[in-house]
Amino acid sequence: HVCLWCTAAMRRLWLPSESIVCAHPGHEPIVGFDAVISSWRDIFRSAPAGGLEVAASSVRCSTPAANVARVTCIEEVKPGESKLVATNIYERHEDGSWRMSLHHAGPMVG
């Protein structure tokens, strides 16, 4: 079972570039649009029947440059009790929208 809507949403979220990077917890970084989207498709495919719920807290956003935004947060993933620290970088796409160019998430300790 693959959430087609979820995969389509990820395609809209990410910058369509071969330079994007996604580092899922415990895995090596994945580089390039097709590889990143494929990694999310695999996550959706292996999700429990009820899907995954991710809630963000402690969100901080800054714009160190006109076309770049940095977002950090705590991600709480359910089912389960996983808490991840995440860093996301967004770049302004040529159509004016903000698209993710980097996602890095890792487990919180303690």
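Source: prediction; values computed, not measured.

It is not clear to me how the overall build of the protein chain should be interpreted in this structure. Could you clarify?
Tallying secondary structure elements over the protein chain gives 2 helices and 6 strands in all. Beginning at the N terminus, the succession of helices and strands in the protein chain can be written as α-β-β-α-β-β-β-β. Relative to the 2.2 N^0.38 estimate, which gives 13 Å for 110 residues, the radius of gyration of the protein chain is 14 Å and therefore close to what a compact globule would have. When the 110 residues of the protein chain are sorted by exposure, 33% land in the buried category. Considering only contacts within the protein chain whose residues lie at least 6 apart along the sequence, 36% involve residues at least 24 apart. Element-wise, carbon and sulfur atoms account for 57% of the exposed surface of the protein chain, whose accessible area totals about 6,900 Å². For the protein chain, the separation between the mean place of its 10 positive charges and that of its 11 negative charges on side chains is 4 Å.

Can you walk me through unusual backbone geometry in this structure?
The omega torsion of the bond from Lys 78 to Pro 79 falls at 5°, within 30 degrees of zero and hence cis. Looking at where Pro 79 falls in the secondary structure, it is placed in the loop between strand 4 (68-78) and strand 5 (82-92).

Explanation requested: the pattern of salt bridges in the structure shown.
Pairs can form between side chains of opposite charge whenever their charged atoms are close. Using the criterion set out here, one finds 2 salt bridges in the structure. The partner of Arg 45 in a salt bridge is Asp 42, and the shortest N-O contact between them spans 3.1 Å. Of this pair, Arg 45 and Asp 42 are both found in helix 2 (residues 33-46), 3 residues apart, which corresponds to roughly one turn of the helix. You can call Arg 45 partly exposed: its relative accessible area is 45%. Since its relative accessible area comes to 39%, Asp 42 is described here as partly exposed.

Calculation notes
- Residues numbered from 1 in each chain as written.
- Predicted model: local features only at pLDDT ≥ 70, side-chain atom pairs only at ≥ 80, totals over all residues.
- Heavy atoms only, no water.
- Helix = DSSP H or I, 4+ residues; strand = E, 2+ residues; numbered from the N terminus.
- Rg over C-alpha atoms; globule rule 2.2 N^0.38 Å.
- Buried < 20%, exposed > 50% of the residue type's maximum accessible area, 1.4 Å probe, protein only.
- Contact = heavy atoms within 4.5 Å.
- Areas by Shrake-Rupley, 256 points an atom, 1.4 Å probe, with all protein chains shown as cover.
- Lys, Arg positive; Asp, Glu negative; His and termini not counted.
- Charge placed at Lys NZ, Arg CZ, Asp CG, Glu CD.
- Salt bridge = Lys/Arg side-chain N within 4 Å of Asp/Glu carboxyl O.

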